[in-house]
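Structural characterization, general
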Amino acid sequence: MKLTRTVTIVTANLGRGVSTREFKANVDRIKKQTPGRHRFFGFQEIDEADVPEELDYLRKSFGGTHRFVGVRTKVPILVPRTFEISRRIVKPASDGVKGLSPQRHVVQALVHLEGHRDAKLLATNTHFGRNIAPLAASRESAEHVLRARLRTKHAGWMTGDLNSTHYPRLAPREIRFVSKRLDYIRGYERKGVSMKLLDSGTINLTIDGHDAHWARVRVTWTGPGRRTT
């Protein structure tokens, strides 16, 4: 027997230096154009050198449908209320570099299906500093932490702005759902959990040369006594 769900995974760098009006318009566009019911959002650059109160507006927009993980970082994850949060994990990934980069984090949400505590998934979100020589040590530290956090028994995915194109594999059994210049969505299968990309798309934004990207993924948990819903 098996249990399946189709989730939508979103990565969106919401940028720096934009007006409140522009920020709100981009968030509204993401909310309207992201398909599916079980929608997970990985945002980057939240309240990073900005005028808009970005987290406040995200709470107003998604607070009724989502729970938030990592709100004290620049890379929160929004978890749909159709899933329960088993554990929140926030790991410092690298120190800040004055004038170049804030402190970086890896944020993770270990979630399970409502009513199915053993049907778990691990959502991961992060943002690396720019790929320049003064940030080389910061990037190396951030990659080390991210790789360590992806070495887990739990299936799931990573959303992130890695500030590098053609980024190498980060963990075993990796599936590349979205690779769009600096922005990535990658899946990680594990024993008893398979993932299949059904569709992907882009939402046109106006920030920092980034667009939002989504992947609709069918997740299947297998094991005794499971049923398809």
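Residues numbered from 1 in each chain as written. Predicted model: local features only at pLDDT ≥ 70, side-chain atom pairs only at ≥ 80, totals over all residues. Heavy atoms only, no water.

Attention now goes to the sheet that holds strand E1 (residues 2-13). Pairing between the strands of a sheet is mediated by backbone hydrogen bonds and can be parallel or antiparallel. Spatial ordering of the open sheet is given by E3-E4-E2-E1-E12-E11, a layout of 6 strands whose pairing is mixed. The open sheet has two edge strands with one neighbour each: strand E3 (66-69) and strand E11 (193-207). Sheet twist, expressed as the average angle between the axes of neighbouring strands with direction ignored, equals 20 degrees. Where E1 lies against strand E2 (residues 38-44), 7 bridges are found, and the strand directions are parallel. By the bridge assignment for E2, Ile9 is matched with Phe40. Across the sheet, helix H1 (residues 20-33) lies against E1, E2, E11 and strand E12 (210-222), angled at about 150 degrees from E11, the strand it touches most. Against the sheet, helix H2 (residues 54-62) engages E2, E3 and strand E4 (77-80), with an angle of about 155 degrees to E3. (Pairing = 2+ DSSP bridges. Helix = DSSP H or I, 4+ residues; strand = E, 2+ residues; numbered from the N terminus. Axes fitted to C-alpha atoms, helices over the stretch in contact; angles between N-to-C directions. Contact = heavy atoms within 4.5 Å.)

The geometry of an aromatic ring pair comes down to the distance between the two centres and the angle between the two planes. Within this structure, the stated rule accounts for 8 aromatic pairs. Pairing Phe40 with Trp157 gives two aromatic rings, centres 4.9 Å apart and planes at 70 degrees, and the pair type is edge-to-face. A residue pair is termed long-range when its members are at least 10 positions apart, and Phe40 in strand E2 and Trp157 in strand E8 (residues 156-161) qualify at 117 residues. For Phe40, a relative accessible area of 1% puts it in the buried group. Aromatic side chains Tyr167 and Tyr184 sit 6.5 Å apart centroid to centroid with 70 degrees between the ring planes, which places their arrangement in the edge-to-face category. Taken together, the residues span a long stretch of sequence, with Tyr167 in the loop between E8 and strand E9 (174-180) and Tyr184 in strand E10 (residues 183-188) at a distance of 17 residues. What makes Tyr184 buried here is its relative accessible area of 1%. Among the aromatic residues, those joined into a cluster by ring pairs are Phe40, Phe83 and Trp157. Here Lys31 stacks its cationic end above the ring of Phe62, 5.7 Å away from the centre of that ring. Sitting above the plane of the Phe68 ring, Arg59 keeps its charged end 5.3 Å from the centroid. (Phe/Tyr/Trp six-rings, centres within 6.5 Å; stacked < 30°, edge-to-face > 60°. Buried < 20%, exposed > 50% of the residue type's maximum accessible area, 1.4 Å probe, protein only. Lys NZ or Arg CZ within 6 Å of the ring centre and 35° of its normal.)

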